[in-house]
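These are the residues of each chain, in order.
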Amino acid sequence: WTTVLPQKLIEDKVILPDEKGYYSFNLEETNSPANLALLENVWNQMIRLATKYFIIIILLTIPFLSFFFFFLLRKGNHSKFKHLIFSLHYTALLELLIIFLYLIHLIASPPSWIMQTLLISVSFTYLTFAVRKTYQISRWYQAVSLAIFTNLGYSLILMAIFIIILLISTTIVAIQMT
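Residues numbered from 1 in each chain as written. Predicted model: local features only at pLDDT ≥ 70, side-chain atom pairs only at ≥ 80, totals over all residues. Heavy atoms only, no water.

A. Layout of the overall build of the chain. Helix and strand counts for the chain stand at six helices and two strands. Sequence-ordered secondary structure for the chain, helices as α and strands as β, is α-β-β-α-α-α-α-α. In the chain, which comprises 178 residues, the proportion classed as buried is 30%. Within the chain, counting contacts between residues at least 6 apart in sequence, those at least 24 apart form 60% of the total. (Helix = DSSP H or I, 4+ residues; strand = E, 2+ residues; numbered from the N terminus. Buried < 20%, exposed > 50% of the residue type's maximum accessible area, 1.4 Å probe, protein only. Contact = heavy atoms within 4.5 Å.)

This is the structure we're talking about:
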């Protein structure tokens, strides 16, 4: 796919070589039907893979999240099993929140920024209280900072997984083009 996809992008004039031999995106023809069809095909593959393997994707985050907790709380006397159980617990909460917000979306269809704000605020608040109680953190600012770092780390883990899905999707599209 590393040879077929760039060649197809050059043929469709999505990317153009310059005088030094480097490639850049053709900004004049980015809205051409061929380019839009290619992007739509990659997007459809991403959606298909993400929805088909959603449970596996979420379950893949649990060991990374438990390692993240282990890394952040390495000075405490907490077992690795405790981090794993807490990660499983937090991931289950996120799955329930996503299902709940999906049901709200089906019933009322509020704007997406409200749904995102609700998801972030509820998960952050819950994580702050859960971390404080589970790991016996006495100071609130420590629990809040741990919740902030955990949410950032979890977001990075999900971004990495979806970048992998993007690479797999482009591979599938490149194979289908040959």
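B. View of the nonpolar core. Phe-69, Phe-86, Tyr-90, Leu-127, Val-131, Tyr-135 and Ile-137 are the most contacted members of the largest nonpolar core, which totals 18 residues. Going through the elements one at a time, helix 3 (54-72), helix 4 (80-107), helix 5 (112-134) and helix 6 (140-177) are the ones with two or more residues in this core. In terms of residues, this core owes the most to one element, helix 4, which gives five residues. Those residues in contact with Phe-86 that sit more than four places away from it in its chain are Phe-69, Leu-127, Ala-130, Val-131, Thr-134 and Tyr-135. Among the nonpolar cores identified, the runner-up in size contains seven residues, and Met-46, Leu-49, Ala-50 and Ile-161 belong to it. (Core = buried A, V, L, I, M, F, W, Y, C linked by side-chain atoms within 4.5 Å.)

C. Just the packing of aromatic side chains, in detail. All chains considered together, the criterion is met by five aromatic pairs. Geometrically, the ring pair formed by Phe-86 and Tyr-135 is edge-to-face, given 5.4 Å between the ring centres and 65 degrees between the ring planes. Here Phe-86 is found in helix 4, whereas its partner Tyr-135 is found in the loop between helix 5 and helix 6, with 49 residues between them in sequence. The burial state of Phe-86 is the same as that of Tyr-135; both residues are buried. We note Arg-132 situated over the ring of Trp-140; from NZ or CZ to the ring centre the distance is 4.0 Å. (Phe/Tyr/Trp six-rings, centres within 6.5 Å; stacked < 30°, edge-to-face > 60°. Lys NZ or Arg CZ within 6 Å of the ring centre and 35° of its normal.)

D. Up close: the layout of surface pockets. Approximately 940 Å³ is the volume attributed to the largest pocket. Every residue lining the largest pocket is counted, 26 residues in all, and those nearest its centre are Ile-98, Leu-101, Gln-116, Leu-119 and Leu-158. Mapped by element, the contributors of at least two residues to the lining of the largest pocket are helix 2 (33-52), helix 3, helix 4, helix 5 and helix 6. In terms of residue count, the dominant contributor to the lining of the largest pocket is helix 4 (eight residues). Its residues assigned to classes, the lining of the largest pocket shows 17 nonpolar, eight polar and one charged. (1 Å grid on protein atoms, 1.4 Å probe; cavity = no way out; pocket = protein on both sides within 12 Å on 5 of 7 lines; lining within 4 Å. Points joined across faces, edges and corners; volume = space filled by probe spheres on them. Nonpolar A, V, L, I, M, F, W, Y, C, P; charged D, E, K, R; others polar.)

E. Layout of a nonpolar patch on the surface. On the surface, Leu-96, Ile-99, Tyr-102, Leu-103, Leu-106 and Ile-107 cluster together to form a nonpolar patch covering roughly 700 Å² of accessible area. Looking at the element boundaries, Leu-96 is found in helix 4. (Patch = residues over 30% accessible without salt bridge, like charges linked within 9 Å, V, L, I, M, F, W, Y side chains within 5 Å. Areas by Shrake-Rupley, 256 points an atom, 1.4 Å probe, with all protein chains shown as cover. Salt bridge = Lys/Arg side-chain N within 4 Å of Asp/Glu carboxyl O.)

F. Just helix 4, in detail. Taking 1.5 Å as the rise per residue, helix 4 with 28 residues should run 40 Å; its terminal C-alpha atoms sit 41 Å apart, in good agreement. When we look at burial in helix 4, the residues that qualify are His-83, Phe-86, Ser-87, Tyr-90, Thr-91, Leu-93, Leu-94, Leu-97 and Leu-101. Just downstream of helix 4, Ser-109 is the residue with a positive phi angle, here 55 degrees. (Expected span 1.5 Å × (residues − 1).)

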